[in-house]
Structure formats: structure tokens, C-alpha cells
Amino acid sequence: MRPNFEALIVIDVQNDFCPGGALAVAGGDAIVPAINALMGDFAVKVLTQDWHPADHASFAANHPGAAPFSMTEMPYGPQVLWPAHCIQGTHGAAFHGGLATDPADLIVRKGFRPAIDSYSAFFENDHETPTGLDGYLKSRGVTDLTLVGLATDFCVAYSAIDAAGLGYTVTVLESACRAIDLDGTLADARDRMRAAGVRLVA
Ligand code: VGL
Ligand code: ZN
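Residues numbered from 1 in each chain as written. Chains lettered and ligands numbered in written order. Predicted model: local features only at pLDDT ≥ 70, side-chain atom pairs only at ≥ 80, totals over all residues. Heavy atoms only, no water.

(A) Focus on the coordination of the zinc ion (ligand 2). For the zinc ion (ligand 2), the protein coordination sphere consists of Asp50 (OD), His52 (NE2) and His85 (NE2), at 2.0 to 2.2 Å. Considering all four donor atoms around the zinc ion (ligand 2), the spread of angles at the metal, 88 to 169°, places the coordination shape in the irregular class. For the zinc ion (ligand 2), all donor residues lie on one chain, and their spacing in sequence is D-x1-H-x32-H. Taken together, the residues His52 in the loop between β2 (44-50) and β3 (71-74) and His85 in the loop between β4 (77-80) and β5 (106-110) connect sequence positions 33 residues apart. (Donors = N, O, S within 2.8 Å, 3.2 Å for Na, K, Ca; no water. Tetrahedral: all angles 85-135°; square planar, octahedral: opposite > 155°, others 65-115°. Helix = DSSP H or I, 4+ residues; strand = E, 2+ residues; numbered from the N terminus.)

(B) Main features of the nonpolar core. Ranked by internal contacts, the top residues of the largest apolar core, which has 57 residues, are Phe122, Leu137, Leu145 and Val172. Sorting the residues of this core by element identifies β1 (6-11), α1 (32-39), β2, α2 (133-139), β6 (144-150), α3 (152-165), β7 (169-178) and α4 (185-195) as the ones contributing at least two each. With seven residues, the single largest contributor to this core is α3. (Core = buried A, V, L, I, M, F, W, Y, C linked by side-chain atoms within 4.5 Å. Buried < 20%, exposed > 50% of the residue type's maximum accessible area, 1.4 Å probe, protein only.)

(C) The arrangement of the sheet that holds β5 in detail. Strand order in the open sheet made by the six strands is β5-β2-β1-β6-β7-β8, with parallel pairing throughout. Bordering the open sheet on either side are β5 and β8 (199-201), each of which pairs with just one other strand. In this sheet, neighbouring strand axes are inclined to one another by 25° on average, regardless of whether the strands run parallel or antiparallel. Across five bridges, β2 lies against β5 in parallel orientation. Counterpart to Asp50 in the pairing with β5 is Lys110. (Pairing = 2+ DSSP bridges. Axes fitted to C-alpha atoms, helices over the stretch in contact; angles between N-to-C directions.)

(D) Examining the packing of aromatic side chains more closely. All chains considered together, the criterion is met by six aromatic pairs. A ring pair is formed by Tyr119 and Tyr158, whose centres lie 4.8 Å apart and whose planes are at 75°; its orientation type is edge-to-face. Taken together, the positions of Tyr119 in the loop between β5 and α2 and Tyr158 in helix α3 put the pair 39 residues apart, joining distant regions of the chain. We classify Tyr119 as buried; its relative accessible area is 6%. Note on Phe122 and Tyr168: the rings are 5.9 Å apart at their centroids and 35° apart in plane angle, and the pair reads as tilted. With Phe122 in the loop between β5 and α2 and Tyr168 in the loop between α3 and β7, this pair connects stretches of sequence that are 46 residues apart. With a relative accessible area of 2%, Phe122 lands in the buried category. (Phe/Tyr/Trp six-rings, centres within 6.5 Å; stacked < 30°, edge-to-face > 60°.)

This is how it looks when you write it as C-alpha cells:
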């Protein structure tokens, strides 16, 4: 068992990010057995859940004429317009059925404010509005994080970079992650993670 100062953060292992889902990540379901095994190793285990209202501003369908995967400008900066996904209470928003959710200490939902997307488990995309996860981890004395889940180049990378900025020692276990990889976003995210001091482990 790992020491109490280490936490496993499982990012967005939800049906919509798995094959057959609305924003499917290739091989998204293949990481589930490895994540379940890791849950047994860590004393502190947190799951995150992308959790959007149907009128969420990150959905292309809520921008007349906009194509999925096109870009728009939000008050907080550029934003990819996604196919509608992880709508609160739907099957797509539920965790993958094979994921061991019972061992989790905490489930953090994010992206529930209609006007702001939230890739990171720590801050929304305005980089200011906190989710509360930092306070939870610090109050439990956690200093070291291992991140796994979906998608490497969006929610995992944003979470890892924010975590490093908040002072955590951060490892991303890439074998237990899968990427969306829109036109080079994976290579870019790996560079940005490394530059932020995140340790990338195969
Ligand atoms: C994610 C795009 C939109 C993710 C969430 O979990 O990486 N990506 N919402
Ligand atoms: Zn989302």
C-alpha cells in the first residue's frame, strides 16, 4: 500500500469517453482493469466526473452553425466546441460499468456551470474558479498525485499542470490514460506537462 501522502486521481472514466460514447476516445475502456488494480494500491483515491448541463457552452450544438471540434472564443479564452457529452444524469455521464467506483473516497464533478468548461480537476477553464479538490487533498495531507484516465491531452493534462502549479509532485501514468489527439494536441499536452514539471511514466 502506498503512503497516506499519495493519492490516485482517476479522471473522467465515463461512458461518453469510451467506445460507443458521444466523445469516444480510442481504447478508452482498455484502461479500466489497470485503474481498478491501482485503486487497491493507494490509500487516497479520487474519481472525477465530467458533468454538464444540456445547455453547456462547450457543446457545438449550443452554437448555431458551429461544427463539432471547431474553435470558439469564450470570455476566458479559446475553447473547443465538443459534441454534446456527459450530460448530467445520462448513461453517457455515468462511470464505465467496469470501473471499481466503490473504493473511491471522493467523486469530484466538474463542468456543471453552463458558461464555463472545466477540463481540470482543480480549476475551471477560467483558471480561477476552484473545484474544491485542492482543499480536500491538502486537508488530508496529500502531497503526491498519480493521474490516470481520459483524456490524456485534455482533462488529464490540464489537471496535471494545475496540480504541479499548486505544488504537488505529479506523475501521469500514460499506460492508464488514452488521448483524443485532435491534430497534435497529444504531443502539445505532453510538452506542456513536462515543462510544468509533471513526470510522465509509461
Ligand atoms: C474532456 C473534452 C471535453 C476530457 C472533457 O475528459 O478530457 N475532454 N470534456
Ligand atoms: Zn466535457
